[in-house]
Amino acid sequence: MPGQRADARRNYTRILAVAEAEVAERGADASLERIARVAGVGSATVRRHFPSRRALLDAVFHEQVDALCTRAHELADTADTRAALLEWLGALTAYAASARGLATALTPDAPLTSDAAHASACAAKFTEALAPLLRRAARDGAVAPDLTVTDLLTLVAGIAWATEHHHDAAAEADRLLGVMVAGVSPGR
């Protein structure tokens with residue numbers, strides 16, 4: 001955004017604020033046209049700032065994604081590699097269950113539109129953050145050696161999708177995470 005005109009920065013900020021509210025209410029399928037209308041801009045302005053739905057979702061979730069990635073880096077040197085991996089997966093699952101639309105941005109291969117050229121920045125950041133935790137846990141025998149980051153992100157996305165309309169999404173997501181953990185990393 002640096003170097004943009006002041007009105008373009010204002011439009012971006014307004015579009016993003018409206019998009020955050022719309023995604024929170026309607027999930028990843030929030031109408032781009034409605035976002036433009038509520039933000040008081042044209043559809044072309046929305047598409048100029050966010051060339052794809054995935055780009056818009058990445059911007060909506062940017063702050064929390066960065067916080068989760070920072071937490072993964074902090075946990076990277078934890079002696080108990082299983083506990084570090086499970087703590088981070090728990091934090092990711094809790095956020096994914098509370099943030100409608102994140103499951104779509106989380107899944108590395110989830111096609112939102114025919115625009116496959118724009119890969120998910122969320123999935124890429126989570127992949128980079130999770131890889132060292134998973135690698136260390138696999139090295140220590142805490143998880144199966146063939147378990148992949150994509151496997152874990154897909155499972156967390158599945159939990160988020162499964163609990164999206166549950167009356168207590170957070171509790172159900174936590175319960176399902178426990179079921180998942182029992183399968184991928186039985187307690188020692």
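What you are looking at is a predicted structure, and each value in this text was computed from that prediction instead of being measured. (Residues numbered from 1 in each chain as written. Predicted model: local features only at pLDDT ≥ 70, side-chain atom pairs only at ≥ 80, totals over all residues. Heavy atoms only, no water.)

The next point concerns the overall build of the chain. When helices and strands are tallied, the chain shows nine helices and zero strands. In terms of C-alpha radius of gyration, the chain reaches 18 Å, essentially the compact-globule figure of 16 Å for 188 residues. Its C-alpha atoms give the chain principal-axis dimensions of roughly 55 × 40 × 25 Å. When burial is assessed residue by residue, the chain has 45% of its 188 residues classed as buried. Looking at the chain alone, contacts between residues at least 24 apart form 70% of all its contacts between residues at least 6 apart. Accessible surface, the chain as shown: approximately 9,400 Å² in total, 54% of it carbon and sulfur. Between the centroid of the 20 positive side chains of the chain and the centroid of its 23 negative side chains there is a distance of 7 Å. (Helix = DSSP H or I, 4+ residues; strand = E, 2+ residues; numbered from the N terminus. Rg over C-alpha atoms; globule rule 2.2 N^0.38 Å. Buried < 20%, exposed > 50% of the residue type's maximum accessible area, 1.4 Å probe, protein only. Contact = heavy atoms within 4.5 Å. Areas by Shrake-Rupley, 256 points an atom, 1.4 Å probe, with all protein chains shown as cover. Lys, Arg positive; Asp, Glu negative; His and termini not counted. Charge placed at Lys NZ, Arg CZ, Asp CG, Glu CD.)

Applying the stated criterion across every chain yields a total of zero disulfides. With no disulfide of its own, cysteine 69 lies 8.7 Å from the sulfur of cysteine 122, the closest cysteine sulfur. A relative accessible area of 8% means that cysteine 69 is categorised as buried. (Disulfide = S-S within 2.5 Å.)

It is at 9 Å that the axes of helix H4 (residues 53–75) and helix H7 (residues 121–139) come closest, and there the two elements cross at 15°. One way to sum up the angle between H4 and H7 is to call them roughly parallel. Judged by the sense of rotation from one axis to the other, the crossing of H4 with H7 is left-handed. For the pair H4 and H7, the contacting residues are Asp58, Phe61, His62, Val65, Asp66, Leu68, Cys69, Ala72, His73 and Leu75 in the first and Ala121, Cys122, Lys125, Phe126, Ala129, Leu133 and Arg136 in the second. (Axes fitted to C-alpha atoms, helices over the stretch in contact; angles between N-to-C directions. Parallel < 35°, antiparallel > 145°, perpendicular 65-115°, else oblique. Left-handed = near helix turned anticlockwise from the far one by under 90°.)

Here we come to the nonpolar core. Residues Phe61, Leu85, Trp88 and Phe126 are the most contacted members of the largest nonpolar core, which totals 59 residues. The greatest single-element share of this core, amounting to 10 residues, is contributed by H4. With near-sequence residues (within four places) excluded, phenylalanine 61 lies in contact with Val23, Tyr95, Ala99, Arg100, Gly101, Leu102, Ala105 and Cys122. (Core = buried A, V, L, I, M, F, W, Y, C linked by side-chain atoms within 4.5 Å.)

Turning our attention to the confidence of the model for the chain. Where the model shows low pLDDT, its predicted coordinates should not be examined in detail. In the predicted model, the chain carries a mean pLDDT of 87, and 90% of its residues have values of at least 70. Taken as a whole, residues 111–118 scores under 50 in pLDDT and shows 12 contacts with residues more than four places along the chain or in a different chain. (pLDDT = per-residue confidence, 0-100.)

Quick look at the packing of aromatic side chains now. Taken as a whole and judged by the stated rule, the model has three aromatic pairs. A ring pair is formed by tryptophan 88 and phenylalanine 126, whose centres lie 5.8 Å apart and whose planes are at 70°; its orientation type is edge-to-face. With tryptophan 88 in helix H5 (residues 81–98) and phenylalanine 126 in helix H7, this pair connects stretches of sequence that are 38 residues apart. Owing to a relative accessible area of 0%, phenylalanine 126 belongs among the buried residues under this scheme. (Phe/Tyr/Trp six-rings, centres within 6.5 Å; stacked < 30°, edge-to-face > 60°.)

Attention now moves to the packing of H5 against helix H9 (residues 169–184). Two elements in contact, H5 and H9, have axes separated by 9 Å at closest approach and are oriented at 145°. Considering only the axes of H5 and H9, their crossing is right-handed. Along its contact with H5, which presents Arg82, Leu86, Leu89, Gly90, Thr93 and Ala97, the element H9 presents Ala169, Ala173, Leu177, Met180 and Val181. Partitioned by chemical class, the residues of the contact of H5 with H9 number eight nonpolar, two polar and one charged. (Nonpolar A, V, L, I, M, F, W, Y, C, P; charged D, E, K, R; others polar.)

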